[in-house]
Amino acid sequence: MNRLKVLLRTMRLMATLAPGKVLAAALLAVAGALLPAASVAILSWSLQLLVEEARGGSGAWTGGATVAVLALATASTLTFLFAVGQRYNETLLRQRLGNAVIDRVLAKVLTLELRHFEDAAVYDSLERAKAGARSRPHQVFAGLLATVSSLVTIGSVAALLLSWSPLAAALMLVSPAPLAIAQVVHHRTRWRVEYARSADQRRLFYLEYLLTNDKAYKEIRLFGLGPLFRRRYAAVVDGFYDVDRRLEGRHAVACALLAMCGAVAVGLALLLMVQDAVRTGQAGQFAGYVTSVVLIQTSMRAFFEGVAKLYDDSLYLCNLFEFLDLPVQERRPSVAPFPGSLRKGIEFRDVSFTYPGTDTPVLDHFNLFLPAGRCVALVGANGAGKSTIVKLLTRFYEPTEGVILVDDVPLAAYGLDDLRKHVSVMFQDFMEYEAPARENIGFGRVENMSDRPGVRRAAERAGALSFLDPLPSGLDTTLGRWFEGGRELSGGQWQKVALARTFFRAAAINVLDEPAAAIDAAAEAELFARLTNAAARSTTLLIAHRFSTVRAAADHIVVIDAGRVVEEGGHHELIATGGLYARLFRLQAAGYQDEPSDAVPR
Ligand SMILES: Nc1ncnc2c1ncn2[C@@H]1O[C@H](COP(=O)(O)OP(=O)(O)OP(=O)(O)O)[C@@H](O)[C@H]1O
């Protein structure tokens, strides 16, 4: 993106987010920038006045001296007051803009699809955008103001200087230019280096997470992975350091050489000024010269550094805008309202699906029918495509071929939000929210979170009340260890809480991906007795590896292998067929029996 466009877009963004404060900052900056030249003029005039009064020879305090002192005091008080006002406005503006821009990034994140999060390039873009979102837009604005203020100061002081000595003014103005160009080049190189580091930065972030997160603690300690991960971390940061050392070294040498050129120009200008003062005898003007030299030097440095910084910050803002501009699929308006409870059922008709960036189909002309109000179990080996079916049903991905129908209407015809409101999924990798138990369950239907009896009923159905009630504040106890007063649950207890969340959603379609993986045998039997009742009201898709689960809860079992349905029917029917299901069932059953597995009938 063109730098100028980035700057303009940043200004537009700021003007929309905090118009009053942006305007105040601009006015204060311009007014404040005129003060130095006014101060120099006042200083020079007052000094000359004092010199002339002194030449008068009376030695007494004069009216001229009073005016000079008052003028000097007013200039310095105004400078101070402007600085205070600017600081106040800046602090508020920085916070306001930082919060608003982060909010925009988060809003954008909510529009992204699962495929974006599974795409390393998009993930890097998000990381880059996040890195500068809070501070960079304000820095660009502050940089621009500082640059404009420096220009105003330089212009006004230079006008004064030009009226005294044009050649000295010209020398002063060009002296910092070579150094400034070097700064711009350096900022560009640094940005390129940082841009190329995104993937490594993400690796560092992940290693830091592994080394500092409570979830990873046990394995890291037990397997002794800490030193290995530290070495990997060190290898990446050492690599960064080497590159930075070379880059900064080259820049330091260039700066030193160019600064010497600038110093020669300033020396020549001073020489001209001294000559001038000696020739004219204007002491006030000479003091003005010297103050102007300092002012112009400082303002020129501020100006060029501001330009370089602006350039640098605008490069980072490219990252931000690149992320905010990521195309997201437009949500098509809903053609039909999603049914509150299904009439006919869900049909996968000849569905094929290949993950983006891969070329092996996970589902290959897949056909499945889930009758309304029934519980269908999906069975298959790891990687057979079961969770992928859930992702298609919830439209986290769209089929590459074929169609999914709900009550004979294509899934894509329903509004996405409407569809998701009517589907409840307990994911295999469900979330454990570090929040009160009541919220952990209430998150299943945020709009009804305050329904205390409803939350209680869901917890009861999932078998979670027996361990939530005795907690210090019952359902109001914070779960997890991240926040003060939090109580940790066992794996199976967390799973029951997740199940309660799914029940609380009370959706037309229930998907349970391995709902009993961490649950003990007694709780599992109890759970499936309840699930069978619940399934009478909603259409349930159950994914399970434990055949006891499948047998107890499902009305119909579908066996999938390599993305295709290979068998389907009731438990007894499939056992009688003697196919893949029967073989896997016997294999598991043998594990629970004392006799050797070859004693199991085939
Ligand atoms: N985001 C993804 N990108 C590319 N391939 C993926 C992605 N997610 C899953 N796969 C691949 O798709 C195939 C099916 O995965 P899926 O998670 O649907 O299997 P599953 O039957 O649910 O397995 P399990 O029983 O282990 O949960 C696997 O080969 C997996 O490697």
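Not measured: the values here are computed from a predicted model.

Turning our attention to the overall build of the chain. Secondary structure summary: the chain contains 22 helices and ten strands in total. Taking all 602 residues of the chain together, 33% fall into the buried category. For the chain, contacts bridging at least 24 residues in sequence account for 77% of all contacts bridging at least 6.

Looking at the ligand, there are 13 residues lining it, with Tyr 355, Asn 382, Lys 386, Ser 387 and Thr 388 nearest. Taken together, the residues of the shell around the ligand sort by class into three nonpolar, eight polar and two charged.

Where helix α16 (residues 452-461) meets helix α18 (residues 491-505), the closest approach of the two axes is 8 Å, and the angle between their N-to-C directions is 125°. It follows from the interaxial angle that α16 and α18 lie oblique. As α16 runs across α18, the sense of the crossing is right-handed. Between α16 and α18, the contacting residues are Gly 454, Val 455, Ala 458, Ala 459 and Arg 461 on the first element and Ala 500, Phe 503 and Phe 504 on the second. A breakdown of the residues in the contact of α16 with α18 according to their chemical character gives six nonpolar, one polar and one charged.

So, on to the UniProt feature "transmembrane region" (unreviewed entry) in the chain. When the UniProt feature table is mapped onto this chain, "transmembrane region" (unreviewed entry) is found at residues 64-84, 140-161, 167-185 and 252-274. Secondary structure across residues 140-161 comprises 100% helix and 0% strand; the distance between its end C-alpha atoms is 30 Å. Here residues 252-274 is 100% helix and 0% strand, with 32 Å between the C-alpha atoms at its ends.

Here we take up the domain arrangement of the chain. By the assigned domains, the chain splits into domain 1 (3-325) and domain 2 (345-591). The gap between the C-alpha centroids of domain 1 and domain 2 is 55 Å. Between domain 1 and domain 2, the contact holds four residues from the first and five residues from the second. Tallied by class, the residues present in the side of domain 1 that touches domain 2 amount to one nonpolar, no polar and three charged.

The next point concerns the packing of helix α6 (residues 136-164) against helix α7 (residues 166-174). Interhelical geometry of α6 versus α7 gives an angle of 145° and a closest axis separation of 6 Å. In this structure, α6 uses Ala 158, Leu 161 and Leu 162 to contact α7, whose residues at the interface are Pro 166, Ala 168, Ala 169, Met 172 and Leu 173. Here the contact of α6 with α7 is built from residues that sort into eight nonpolar, no polar and no charged.

Turning next to the sheet that holds strand β5 (residues 409-410). What the four strands build is an open sheet, ordered β2-β1-β4-β5; its pairing is antiparallel. If you trace the sheet from one side to the other, it starts and ends with β2 (363-371) and β5, each paired once. With respect to the sheet, helix α13 (residues 386-393) is in contact with β1 (345-353), β2 and β4 (401-406), its orientation differing from that of β1 by roughly 110°.

Turning our eyes to something else, we now look at helix α10 (residues 214-222). A small share of α10 lies buried, amounting to zero of its nine residues. Within two residues after α10, Gly 224 carries a phi angle of roughly 60°, on the positive side.

Moving on: α13. Because each turn of an α-helix spans 3.6 residues, side chains separated by three or four positions in sequence point in the same direction. For α13, every residue scored as buried is listed here: Lys 386, Ile 389, Val 390, Leu 392 and Leu 393. Seen along its axis, α13 keeps its buried residues to an arc of 160°; they face one direction. Arg 395 sits one or two positions beyond α13 and adopts a positive phi of about 55°.

With that out of the way, let us pick up the sheet that holds strand β9 (residues 556-561). Think of a sheet as strands paired side by side through backbone hydrogen bonds, with each pair either parallel or antiparallel. Read across the sheet, six strands follow the order β6-β7-β8-β3-β9-β10 without closing on themselves; strand pairing throughout is mixed. Each of the sheet's edge strands pairs with one partner strand only, and the pair in question is β6 (423-426) and β10 (564-569). If you compare each strand with its neighbour and ignore which way they point, the axes differ by 20° on average. The pairing of strand β3 (residues 375-379) with β9 spans four bridges and is classified as parallel.

Take unusual backbone geometry next. Even without being a glycine, His 365 presents a positive backbone phi close to 50°. Turning to its location among the elements, His 365 is positioned in strand β2. Under the C-beta neighbour-count criterion, His 365 is labelled partly exposed, with 15 such atoms within 10 Å. Positive phi, close to 50°, is recorded for Asp 407, a residue that is not glycine.

Now for the nonpolar core. Core analysis: the largest hydrophobic core is formed by 70 residues, its most contacted members being Ala 377, Ala 459, Ala 500, Leu 542 and Ile 557. If you tally residues by element for this core, the top one is α18, at seven residues. When sequence neighbours within four positions are dropped, the list of residues in contact with Ile 557 reads Ala 377, Val 379, Val 550, Glu 568, Gly 569, Gly 570, His 571, Leu 574 and Tyr 581. By size, the runner-up hydrophobic cluster in this structure holds 55 residues, among which are Ala 269, Ala 308, Tyr 316 and Phe 323.

Quick notes on the rules
- Residues numbered from 1 in each chain as written.
- Predicted model: local features only at pLDDT ≥ 70, side-chain atom pairs only at ≥ 80, totals over all residues.
- Helix = DSSP H or I, 4+ residues; strand = E, 2+ residues; numbered from the N terminus.
- Buried ≥ 20, exposed ≤ 12 C-beta atoms within 10 Å, placed from the backbone.
- Contact = placed C-beta atoms within 7 Å.
- Near = placed C-beta within 6 Å.
- Nonpolar A, V, L, I, M, F, W, Y, C, P; charged D, E, K, R; others polar.
- Axes fitted to C-alpha atoms, helices over the stretch in contact; angles between N-to-C directions.
- Parallel < 35°, antiparallel > 145°, perpendicular 65-115°, else oblique.
- Left-handed = near helix turned anticlockwise from the far one by under 90°.
- UniProt positions renumbered as here; feature names shortened; annotations may be inferred.
- Domains from an automatic or database assignment.
- Pairing = 2+ DSSP bridges.
- Arc of directions from axis to C-beta.
- Core = buried A, V, L, I, M, F, W, Y, C linked by C-beta atoms within 7 Å.

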